[in-house]
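An overview of the molecular structure
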Amino acid sequence: MKLQRKSGLRALTVGAVAITGALVLTACGSDNNNDSSTTPSGQPSSSGSTNAGAISCAKGQILASGSSAQQNAIEAWVKNYQQACAGATVNYKASSSGEGIVDFNQGTDAFAGSDSPLKPAEVASSKQVCKGGTGISIPMVGGPIAIGYNLPGVSNLVLDAPTLAKIFNSKITTWNDEAIKKLNPGVTLPSTKIQTVHRQDESGTTDNLTKYLKGAAPADWPYEHAKAWMGKGGQAAAKSAGVSALVKQTEGSIGYFELSYATASSIPTVKIATGASAPVEATSQNASAGIAAAKVVGTGADLSLDLGAAYTTKADNAYPIVLVTYEIACDKGNKADTLPLTKSFLTYIASENGQAQLPNAGYAPLPTEIATKVRSTISALS
């Protein structure tokens, strides 16, 4: 699917989307970059201690766009950053991973959000924008992809990978199917027709869900993973917000979206039977157990991750359907007028303080080993 860049210049505005568990800035820095008390988050202060709460501010305006999966996290971070940093405006447009990469490679955005790392062709295109450098994928936001459902009277639903694959490919079409009953002994399941809901736009959330289905249930998911939905049947909705809204209002429905959307709309989520001692719930803590197994497979400054080990894990309390959202930026060749604010903002959200706020919005912080590499990469952006 070829994405076309919408015409017209977006107005620089601050998103005011309400989120569950609004994040509160625990420490504010001055907008004076020469103030020694305001060092980049997570970096040593002049006394040698770790000043994890301070923000080293920069002024200016930057545009960013892409993944709606990280929207709640980004908007909270933007609110915190702009409260601390007078004269700074960060405008993030939640669209989709595909659109964000298109915007970035057309030179519109200072950085983009994507739930999948850059593909080789996208890296090649980025070199036209990153003068003397290249686009890199920097992991930033982790979390579970929740499977939300609307089935009155059923509050504790368990499914496994093969059953999910068959449901999303229209092979299982009613809620009292024998495969679902077997996973939910003692639960009264209605004969209601299943209405699946998927993303209509190219989405990294879709890409990560289908990576899980292909990795954990290859016999029942005959498609390769992709940002565009490949399953049969179902109803499409725009962005994670659209999918969760449609599930919320449609009895018998099931869909996928980030945990924060389920939490905000009080949508019950599926527990996944993985072979562990008990089915695993979609929580930030359980998602972190899966993400911790990730390996960096990118080269040079690129920090692309392989999450394959999470999909088939049988470890207790390890939720297998996870994603990591990347911030796409130039390693070198960033525009001189946007580089200071881009680095300052990315430094803040990768800091100990920034990452520690993620569970409040339903996300999972980066594992320490990966977070350390992320901070080093951001500090070297030029």
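Everything numeric in this text was worked out from a predicted model, so none of it was measured.

Some thoughts on the side chain of Asn 105
Structurally, the position occupied by Asn 105 is in helix α2 (residues 97-105). Residue class for Asn 105 comes out buried when judged on its relative accessible area of 17%. Within polar-contact distance, the side chain of Asn 105 engages the backbone oxygen of Glu 122 at 3.2 Å.

Some words on the sheet that holds strand β6 (residues 195-199)
Overall, mixed pairing links the eight strands, which are arranged β2-β1-β3-β12-β4-β8-β6-β7 in an open sheet. Either end of the sheet is taken by a strand with one partner, and the two such strands are β2 (88-94) and β7 (235-237). Here the average twist between neighbouring strands, direction ignored, is 25 degrees. Bridge analysis of strand β3 (residues 111-114) against strand β12 (residues 322-330) gives three bridges, and the strand direction is antiparallel. Each bridged residue has a counterpart across the sheet, and for Gly 113 the counterpart in β12 is Glu 327. Where helix α7 (residues 239-249) meets the sheet, its contacts fall on β2, β4 (135-149), β6, β7 and β8 (253-258), and the angle it forms with β8 comes to roughly 150 degrees.

Focus on the environment of Ala 112
Mapped onto the elements of the fold, Ala 112 is located in strand β3. A relative accessible area of 0% places Ala 112 in the buried class. When neighbours within four sequence positions are excluded, Ala 112 is seen to be in contact with Ser 65, Gly 100, Ile 101, Phe 104, Tyr 326, Glu 327 and Ile 328.

What to know about the packing of helix α1 (residues 71-84) against helix α11 (residues 339-350)
Running from amino to carboxyl end, α1 crosses α11 at an angle of 115 degrees, the nearest separation of the two axes being 11 Å. Viewed along their axes, α1 and α11 adopt a mutual orientation that is roughly perpendicular. Of the two elements, α1 crosses α11, and the hand of that crossing is right-handed. For the pair α1 and α11, the contacting residues are Trp 77, Val 78, Asn 80 and Tyr 81 in the first and Leu 341, Ser 344, Phe 345, Tyr 348 and Ile 349 in the second. Of the residues that constitute the contact of α1 with α11, the class distribution is seven nonpolar, two polar and no charged.

Here we look at the nonpolar core
With 94 residues, the main nonpolar core has Trp 77, Tyr 81, Leu 164 and Ile 254 as its most contacted residues. Beyond its immediate stretch of four places on either side in the chain, Leu 164 contacts Ile 147, Leu 159, Tyr 212, Leu 213, Ile 254, Ile 272 and Ile 321. Counting residues in hydrophobic clusters, the runner-up holds nine residues, among them Ala 237, Phe 257, Tyr 261 and Ile 267.

Brief notes about the pattern of salt bridges
The full count for this structure, using the stated rule, is six salt bridges. Put simply, Asp 220 and Lys 166 hold a salt bridge, and the shortest N to O gap is 4.0 Å. Of this pair, Asp 220 sits in the loop between α6 (204-216) and β7 while Lys 166 sits in helix α4 (residues 161-168); the two residues are 54 residues apart in sequence, bridging distant segments of the chain. Linking Glu 369 and Lys 373 is a salt bridge whose minimum nitrogen-to-oxygen distance equals 4.0 Å.

Overview of the state of the cysteines
Evaluated as defined, the whole model comprises two disulfides. The disulfide partner of Cys 57 is Cys 85, and the gap between their sulfur atoms is 2.0 Å. On the sign convention where negative is left-handed, the bridge of Cys 57 and Cys 85, at about -70 degrees about the S-S bond, is left-handed. Placement of Cys 57 in the segment before β1 (60-66) and of Cys 85 in the loop between α1 and β2 is noted, with a sequence separation of 28 residues between them. Here Cys 130 is linked by a disulfide to Cys 330, with a sulfur-sulfur distance of 2.0 Å. Sign of the S-S torsion, about -75 degrees for the bond between Cys 130 and Cys 330, identifies this disulfide as left-handed. Taken together, the residues span a long stretch of sequence, with Cys 130 in the loop between α3 (120-126) and β4 and Cys 330 in strand β12 at a distance of 200 residues.

Let's talk about the pairing of β12
Counting buried positions along β12 gives nine out of nine residues, so the element sits mostly inside the fold. Every second residue of β12 is oriented toward a common face, with Val 322, Val 324, Tyr 326, Ile 328 and Cys 330 on one face and Leu 323, Thr 325, Glu 327 and Ala 329 on the other, all of them buried. Bridge count for β4 against β12 is nine bridges, and the pairing is antiparallel. Note on β12: the bridge partner recorded for Gly 143 is Leu 323.

Regarding the packing of aromatic side chains
Counted under the stated rule, the structure contains nine aromatic pairs. Their ring planes at 85 degrees and their centres at 5.6 Å tell us that Tyr 81 and Phe 345 sit as a pair that is edge-to-face. A residue pair is termed long-range when its members are at least 10 positions apart, and Tyr 81 in helix α1 and Phe 345 in helix α11 qualify at 264 residues. The exposure class assigned to Tyr 81 is buried, which follows from its relative accessible area of 0%. Owing to a relative accessible area of 0%, Phe 345 belongs among the buried residues under this scheme. Seen from their ring centres, Trp 221 and Trp 229 are 5.5 Å apart, and the 55 degrees between their planes marks the pair as tilted.

Parameters and conventions
Residues numbered from 1 in each chain as written. Predicted model: local features only at pLDDT ≥ 70, side-chain atom pairs only at ≥ 80, totals over all residues. Heavy atoms only, no water. Helix = DSSP H or I, 4+ residues; strand = E, 2+ residues; numbered from the N terminus. Buried < 20%, exposed > 50% of the residue type's maximum accessible area, 1.4 Å probe, protein only. Polar contact = N/O pair within 3.5 Å; in protein donor to acceptor, adjacent residues only side chain to side chain. Pairing = 2+ DSSP bridges. Axes fitted to C-alpha atoms, helices over the stretch in contact; angles between N-to-C directions. Contact = heavy atoms within 4.5 Å. Parallel < 35°, antiparallel > 145°, perpendicular 65-115°, else oblique. Left-handed = near helix turned anticlockwise from the far one by under 90°. Nonpolar A, V, L, I, M, F, W, Y, C, P; charged D, E, K, R; others polar. Core = buried A, V, L, I, M, F, W, Y, C linked by side-chain atoms within 4.5 Å. Salt bridge = Lys/Arg side-chain N within 4 Å of Asp/Glu carboxyl O. Disulfide = S-S within 2.5 Å. Phe/Tyr/Trp six-rings, centres within 6.5 Å; stacked < 30°, edge-to-face > 60°.

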